[in-house]
Amino acid sequence: MIDITTLRAAASRANGALSHGPVTAEGKHRSSQNALKHGLYAKTTVLWYESQEEFDHFLQAFLDHYQPRTQAEAILVEREAASLWRQSRLDRAEGLVLKDLYNEAFRTLNLLKNADPDDDGDDDEYDDDYDDDEDTAEEDAGEEDTESDRPQPIPPSHDDTLARAWRHFAETDFSQYLRRERQEIERAHRRFHEQIAEARTHHGPGFVSQPHQTT
């Protein structure tokens, strides 16, 4: 693996021998935005409900870190930023889906945990006369049971609820899709490091890139 720090330092020395670059705050800011003007992914990665400004800052952080010296390297870095931005989107989606499943599991476990033990679920129809007799007996007894005598509901534990939610999540189509997408992103991440290292090996540590044409 190539020491990128060494390559970047060598390239900086070589570039510095030709020009010291912008020295004013305005000039430095304008220079830092040059790569963004060539962004192939900056306008297509961000969905309608996401912030373009946030992605631009996200991308700029990658450009500042890797310091691409050619347009080819800049494209590789932009592609990596777009891929990890998508990873963050998948993580947020996973959280929302799991939250819904957690709430559903809580309601289900709560009903099961606090079900009437005398209710055996038998749906057989009773004789109407028998029902009438039962109602009359309860009224005659004065319905001695009060609200305070009834057992208080016991909420399901967080661990039980979360375990049920995760089991249901594993059975969803989204879970399968998420796993495939994350595997693809991980492969793209490995390819990025291989390609950026290969590009810098090809150009060598003393390579001086030509200035990009801004539009």
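Computed from a predicted model, the values in this text were never measured in an experiment.

1. Re the nonpolar core
Within the largest apolar cluster, 12 residues are counted, these being Val 46, Phe 55, Leu 59, Phe 62, Leu 63, Tyr 66, Leu 76, Val 77, Ala 81, Trp 85, Phe 192 and Ile 196. It is helix α3 (residues 52-66) that provides the largest number of residues to this core, a total of 5 residues. Ignoring any residue separated from it by four or fewer positions in sequence, one finds Val 46 in contact with Ser 51, Gln 52, Phe 55 and Trp 85. Of all hydrophobic cores here, the second largest spans 8 residues; its members include Leu 90, Ala 165, Phe 169 and Ile 185.

2. Section: unusual backbone geometry
Notably, Gln 67 is not glycine yet its phi reads approximately 50°, a positive angle. With respect to the helices and strands, the residue Gln 67 is situated in the loop between α3 and α4 (71-113). For Gln 67, a relative accessible area of 36% translates into the label partly exposed.

3. Structural notes on the pattern of salt bridges
What the rule picks out here adds up to 10 salt bridges. Note that Glu 73 is salt-bridged to Arg 200, the shortest N-O span being 3.2 Å. Taken together, the residues span a long stretch of sequence, with Glu 73 in helix α4 and Arg 200 in helix α7 (residues 173-203) at a distance of 127 residues. Accessibility classification places Glu 73 together with Arg 200 in one group, the buried group. Each of Glu 50, Arg 89 and Arg 92 takes part in one network of salt bridges that share partners.

4. Considerations on the packing of aromatic side chains
Evaluated as defined, the whole model comprises 8 aromatic pairs. Taken together, a centroid distance of 5.2 Å and an interplanar angle of 80° make the contact between Phe 55 and Trp 85 edge-to-face. Highlighted residues: Phe 55 in helix α3 and Trp 85 in helix α4, separated in sequence by 30 residues. Of the two residues, Phe 55 and Trp 85, both sit in the buried class. Three or more aromatic residues joined by ring pairs form one cluster here, namely Phe 55, Phe 58, Phe 62 and Trp 85.

5. Brief notes about the packing of α4 against helix α6 (residues 158-170)
Orientation of α4 relative to α6, taken along the N-to-C sense of each, is 120°, at an axis distance of 8 Å. By the angle between their directions, the pair α4 and α6 is classed as oblique. Helix-helix and strand crossings are classified by hand; for α4 and α6 the assignment is right-handed. Here α4 contributes Glu 94, Val 97, Leu 98, Leu 101, Tyr 102, Ala 105, Phe 106, Thr 108 and Leu 109 to the contact with α6, which in turn contributes His 158, Asp 160, Thr 161, Leu 162, Arg 164, Ala 165, Trp 166, His 168 and Phe 169.

6. Structural notes on the environment of Asp 100
By the element assignment, Asp 100 lies in helix α4. Asp 100 sits in the exposed class, given a relative accessible area of 52%.

7. Some thoughts on α3
Between its first and last C-alpha, α3 extends 21 Å over 15 residues, near the 21 Å set by a 1.5 Å rise per residue. When α3 is considered as a whole, its buried residues turn out to be Phe 55, Leu 59, Gln 60, Phe 62, Leu 63 and Tyr 66. Viewed end-on, α3 has its buried residues packed into an arc of 160°, placing them on one side of the element. Opposite the buried face of α3, at more than 90 degrees from it, the exposed residues are Glu 53, Glu 54 and His 57. Two residues or fewer past α3, Gln 67 is found with a positive phi of approximately 50°.

8. Structural notes on the side chain of Ser 83
Relative to the elements of secondary structure, Ser 83 occurs in helix α4. In this structure Ser 83 comes out as buried when scored by relative accessible area, which is 14%. Contact partners of Ser 83, with chain neighbours within four places excluded, come to Ile 185 and Ala 188.

Thresholds applied
Residues numbered from 1 in each chain as written. Predicted model: local features only at pLDDT ≥ 70, side-chain atom pairs only at ≥ 80, totals over all residues. Heavy atoms only, no water. Core = buried A, V, L, I, M, F, W, Y, C linked by side-chain atoms within 4.5 Å. Buried < 20%, exposed > 50% of the residue type's maximum accessible area, 1.4 Å probe, protein only. Helix = DSSP H or I, 4+ residues; strand = E, 2+ residues; numbered from the N terminus. Contact = heavy atoms within 4.5 Å. Salt bridge = Lys/Arg side-chain N within 4 Å of Asp/Glu carboxyl O. Phe/Tyr/Trp six-rings, centres within 6.5 Å; stacked < 30°, edge-to-face > 60°. Axes fitted to C-alpha atoms, helices over the stretch in contact; angles between N-to-C directions. Parallel < 35°, antiparallel > 145°, perpendicular 65-115°, else oblique. Left-handed = near helix turned anticlockwise from the far one by under 90°. Expected span 1.5 Å × (residues − 1). Arc of directions from axis to C-beta.

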